[in-house]
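Single-letter residue listing:
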Amino acid sequence: MARPLRIEFPGALYHVTSRGDRREAVFENDEDREVFLGVLAEVVSRFNWLCHAYCLMDNHYHLVIETLEGNISKGMRQLNGVFTQASNRRHGRSGHLFQGRFKAILVDKESYLLELSRYVVLNPVRAGMVGAAEDWPWSSYLATAGECAAPAFLTTDALLSIFGKQRRRARERYVRFVAEGVGQASVWQHLRQQIYLGDAAFVSRMQAEANVSDEDISIPRIQRRAPAPSLAAIEASHAARDEAIIAAHASGAYSYREIAAHFGLHPGSVGRIVRRAL
């Protein structure tokens, strides 16, 4: 099976997550979470990372990481490997803790740093574990909001500077921004080809950075392909609506839901149109 593409270069921004093997707990108690944050601090320092946001759940974690030296894979091997060893020692077990390789989404920093960081700290709220982001102590929210001291490994200024130059005012705006995110559509509606959070131009730049080719058989096909035309462009290039819908689905870039929203249909109607063409 082809492995997901890893694009690594200085200044790259990623959303990184790892899940427990068989979806079992990664953190069995708060001491486990403290140990993980200690390992994360060492990795951030050793690999010269910027950690913009984090959230530790029960059976997985989320990180927003900027790599100043293009080394996400090396750092993640260290993070998950060292924590697995520490966890196994603490709980008297052996073997895998995490489910396969970590997942890394390459992010357009200019467009999605804010929205992604909000998504990360709202995970416990969406999961129904707490009522508000400030009620979960195992994320970067409280430190970024100025409610507690920021750990040395956490970089808050990049986020706060987007809200203003004055720290107190920026924190107030950050708090409002996070609260406004409850119930909003997921940031992942903008995900492209499974590993890019950005527009078509961003995907093209990242593929050029990685020298991605259609001949690379070790890279999943969807991640090698050039960005698909927009739905508006596909519609304009076909005389009949159903032909445009079939072409949009054939591009592999759009879900039934996305196509339906563009053409003002129910996703089930899109499915029927596609199936009739098979």
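Sequence order as written defines residue numbering, which begins from 1 separately in each chain. Totals for whole chains, interfaces and linings use all residues, but because this is a predicted model, local features are given only for residues with pLDDT of at least 70 and pairs of side-chain atoms are given and counted only at 80 or more. Working from all heavy atoms in the structure, the side-chain values ignore hydrogens and water.

Since the α-helix packs 3.6 residues into each turn, any two residues three or four apart lie on the same face. Type-normalised accessible area, obtained with a 1.4 Å probe on protein chains alone, sets the label of each residue: buried when under 20%, exposed when over 50%, and partly exposed for intermediate values. For the purposes of this entry, the term helix denotes a DSSP run of H or I that reaches at least four residues, the term strand denotes a run of E that reaches at least two, and both are numbered from the N terminus. Those residues of helix 11 (residues 241–250) that sit buried are Ala-244, Ile-245 and Ala-248. For helix 11, the buried positions fall inside an angular range of 100 degrees around the axis, keeping them on one side. We call two residues in contact whenever any of their non-hydrogen atoms come within 4.5 Å of each other. The inward-facing, buried residues of helix 11 abut helix 10 (231–236), helix 12 (256–263) and helix 13 (267–276). What the arc describes is the spread of directions from the helix axis to the C-beta atoms.

What follows deals with the sheet that holds strand 6 (residues 196–197). Ordered by their spatial adjacency, 6 strands build an open sheet running 2-3-1-4-6-5, and the pairing between neighbours is mixed. A strand with exactly one partner marks an edge of an open sheet, and here the two such strands are strand 2 (49–56) and strand 5 (191–192). Strand pairing is assigned whenever DSSP detects at least two bridges linking the two strands. By the bridge criterion, 8 bridges tie strand 1 (residues 12–19) to strand 3 (residues 60–67) in an arrangement that is antiparallel. Among the inter-strand pairings, Arg-19 is bridged to a residue of strand 3, identified as His-60. Interaxial angles span 0 to 180 degrees and are taken between N-to-C directions of axes, which are lines fitted to C-alpha atoms, for helices over the stretch in contact. Here helix 3 (residues 109–121) sits on the sheet in contact with strand 1, strand 2, strand 3, strand 4 (103–107) and strand 6, set at roughly 155 degrees to strand 3.

This brings us to the confidence of the model for the protein. For the protein, per-residue confidence averages 88 on the pLDDT scale, and residues scoring 70 or more make up 90% of the total. Each residue gets a pLDDT score, which is the predictor's confidence in that residue and runs from 0 to 100. Taking the mean pLDDT of every element in the protein, the minimum, 42, falls on helix 9 (residues 221–224) and the maximum, 98, on helix 5 (residues 141–144). Contacts for the low-pLDDT stretch residues 212–225, under 50 throughout, to residues beyond four places or in other chains number 37 contacts.

For the rest of this paragraph, the subject is the packing of aromatic side chains. Geometry of aromatic contacts follows a simple scheme: Phe, Tyr and Trp rings, the Trp one being its six-membered ring, pair when their centres are within 6.5 Å, and the pair is stacked under 30 degrees between planes, edge-to-face over 60, tilted otherwise. Taken as a whole, this structure holds 12 aromatic pairs when the rule is applied. On the numbers, 5.9 Å between centres and 90 degrees between planes, the contact of Tyr-61 with Phe-98 is edge-to-face. Note that Tyr-61 is positioned in strand 3 and Phe-98 in the loop between helix 2 (72–91) and strand 4, a separation of 37 residues in sequence. Looking at Tyr-61, the relative accessible area reads 0%, which means it is buried. Taking 6.4 Å as the distance between ring centres and 50 degrees as the angle between the ring planes, the aromatic pair formed by Phe-83 and Phe-98 counts as tilted.

If a probe the size of a water molecule is rolled over the atoms, the empty space left behind becomes visible. A pocket, in this scheme, is an open set of points on a 1 Å grid over the protein atoms alone with protein on both sides within 12 Å along at least 5 of 7 lines, while a cavity is a set where a 1.4 Å probe fits but cannot get out; residues line either one if an atom lies within 4 Å of a point. Grid points are joined across faces, edges and corners, and a volume is the space filled by probe spheres set on the points. For the second largest pocket, the calculated volume is near 290 Å³. Along the walls of the second largest pocket sit 14 residues, with His-15, Thr-17, Ser-18, Arg-19 and Lys-103 positioned nearest its centre. Counting only elements with at least two residues in the lining of the second largest pocket, the list comes to strand 1 and strand 4. Counting residues per element, the lining of the second largest pocket draws most heavily on strand 1, at 4 residues. Asp, Glu, Lys and Arg are counted as charged, while Ala, Val, Leu, Ile, Met, Phe, Trp, Tyr, Cys and Pro are counted as nonpolar; the rest, among them Gly, fall into the polar class. Of the residues belonging to the lining of the second largest pocket, the class tally is 5 nonpolar, 5 polar and 4 charged.

This next bit is on the nonpolar core. Formed by 69 residues in total, the largest nonpolar core has its most connected members in Phe-36, Tyr-61 and Leu-79. In this structure Leu-79 touches Phe-36, Val-39, Leu-40, Val-43, Tyr-61 and Leu-63, once residues within four positions along its chain are discounted. One finds Leu-231, Ile-234, Ala-244 and Ile-273 within the second-largest nonpolar core, a separate group that totals 12 residues. The term nonpolar core refers to a set of buried residues drawn from Ala, Val, Leu, Ile, Met, Phe, Trp, Tyr and Cys, joined through side-chain atoms within 4.5 Å.

To continue, consider the pattern of salt bridges. Between side chains of opposite charge, pairing is possible as soon as their charged atoms come close. Take a side-chain nitrogen of Lys or Arg and a carboxyl oxygen of Asp or Glu: if they are within 4 Å of each other, that pair is a salt bridge. Throughout the structure, instances matching the rule amount to 12 salt bridges. Residue Arg-93 is joined to Glu-28 by a salt bridge in which the shortest nitrogen-to-oxygen separation is 2.5 Å. Here Glu-28 lies in the loop between strand 1 and helix 1 (30–46) and Arg-93 lies in the loop between helix 2 and strand 4, a separation of 65 residues in the sequence. Residue classification places Glu-28 among the partly exposed positions, given a relative accessible area of 44%. A salt bridge links Glu-66 to Lys-109, with the shortest nitrogen-to-oxygen separation between them at 3.1 Å. Residue Glu-66 is found in strand 3, and its partner Lys-109 is found in helix 3; the two are separated by 43 residues along the sequence. Its relative accessible area of 31% is what places Lys-109 among the partly exposed residues. Through salt bridges with shared partners, one network takes in Asp-21, Arg-22 and Glu-24.

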